[in-house]
Amino acid sequence: YNVQAAASYVSGAHTVKVGLSQQFGKYPRYNNANGDIYQTYNNGVPTQVSVLNTPLRVEETLDANFGIYAQDTWSLDKLTLNYGIRYDLNKQTIKGQDAMIGRFANVPAYSDIAFPTWKDFSPRVSAVYDIQGNGKTAIRAGFNKFVTAQTTGFAQLYNPTALTTAVLPWTDVNRDDIAQGERGCTYLTANCEINFTNLPTNFGVRSLAQFDPDIKRPYSLAMNFGITRPRRLFRAPD
C-alpha cells in the first residue's frame, strides 16, 4: 500500500515544496504440489523426479517505508539555488510460521525475525549560475545523497524457508506410473523407486548467515559540475 502527499508554496524568489510518502504491506507466498513431486519422462519412459519441500508458506512484512522531505528553489539574480533534505525510515520483518511437514522435508517452526530499523538523512543541493544573464551559458554544480530502494528484499535474503527442489533418478519398477519412495528407503526395493542417495539431509531448510545487527542501508553519493551552453546546429542562409 502506498500513501503520498505534497504541497508547494511560491512566494517571490522562493518555491518551497514539502511532501511525504508511506509504503507498507505484506508479501505472503504459498507453494503446494501434488505429492510434493514432479515426474519427468523421456519418450514416455520415466527417468527422474523433482522433489519439493512443499507445502510451504513464507511471508515478509514491510512495516514502514516512510519518507518526508522539504526543498526550496531560491532565485538570486543570475544565481539559482536548489536545496533540500529528506528523511527515510525503513523497517522489515520476517513473519514467523508454524512447522511445515511435507513428504521430503520438515521445516521447523520459527518466530518473527525483526531487522534493524534504517533511518537516513539525505541532503540535496545544487546551484546554477547564468554567467551572462541571458540563459545561454550557465555553470552548474550539485551534491546529492540517494538511499537504495527497499521494500522486503533484504528480509527475503534471510528468510529461513524458501521453495527448494532437487532432481533425483526414478525407476518405475512396478510400472504403475507413480513415483514411490520415502527418504531413507533402499533404492530399487519394494516401494522405493526414487534414488535418495544425493538428497542432502537438510533438504528444504536454508542454511543462512546471520546479518550484522549494525548493518546500514546502502546509499550512493552523486556529485556533478559542468558548463552548459547551447550550440547552433544549422547556419542560417545568407
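Description of the structure in this document. (Residues numbered from 1 in each chain as written. Predicted model: local features only at pLDDT ≥ 70, side-chain atom pairs only at ≥ 80, totals over all residues. Heavy atoms only, no water.)

### Examining unusual backbone geometry
Then, in step 1: A cis geometry characterises the amide bond from T54 onward to P55, with omega recorded as -5 degrees.
Then, in step 2: With respect to the helices, strands and loops of the structure, P55 is situated in the loop between β4 (45-52) and β5 (56-76).
Then, in step 3: A positive phi angle, near 55 degrees, is found at R175, a position not held by glycine.
Then, in step 4: As for its position among the elements, R175 is in the loop between β12 (165-169) and β13 (219-228).
Then, in step 5: The class for R175 is exposed, based on a relative accessible area of 77%.
Then, in step 6: In this structure, D177 takes a positive phi of about 65 degrees despite not being glycine.
Then, in step 7: In this fold, D177 is placed in the loop between β12 and β13. (Helix = DSSP H or I, 4+ residues; strand = E, 2+ residues; numbered from the N terminus. Buried < 20%, exposed > 50% of the residue type's maximum accessible area, 1.4 Å probe, protein only.)

### A closer look at the side chain of D130
Then, in step 1: By the secondary structure assignment, D130 is in strand β10 (residues 118-130).
Then, in step 2: Within the buried core, D130 has no salt-bridge partner, and the shortest N-O distance to an opposite charge, that of K78, equals 7.1 Å.
Then, in step 3: Those residues in contact with D130 that sit more than four places away from it in its chain are K78, G135, K136, T137 and A138. (Lys, Arg positive; Asp, Glu negative; His and termini not counted. Salt bridge = Lys/Arg side-chain N within 4 Å of Asp/Glu carboxyl O. Contact = heavy atoms within 4.5 Å.)

### A few points about the pattern of salt bridges
Then, in step 1: In the structure shown here, the tally under the stated rule is 4 salt bridges.
Then, in step 2: Across the pair E59 and R57 runs a salt bridge whose closest N-O atoms are separated by 2.8 Å.
Then, in step 3: On the basis of relative accessible area, E59 is assigned to the buried category, the value being 5%.
Then, in step 4: Linking D88 and R86 is a salt bridge whose minimum nitrogen-to-oxygen distance equals 3.0 Å.
Then, in step 5: Taking relative accessible area as the criterion, D88 reaches 5% and is therefore assigned buried.

### A few points about the pairing of strand β11 (residues 138-147)
Then, in step 1: Across 7 bridges, the pairing between β10 and β11 is antiparallel. Across the sheet, residue R124 finds its bridge partner in β11, namely N144.
Then, in step 2: With 10 bridges connecting them, β11 and β13 associate as antiparallel partners. Directly across from F143, in β13, lies its bridge partner M223. (Pairing = 2+ DSSP bridges.)

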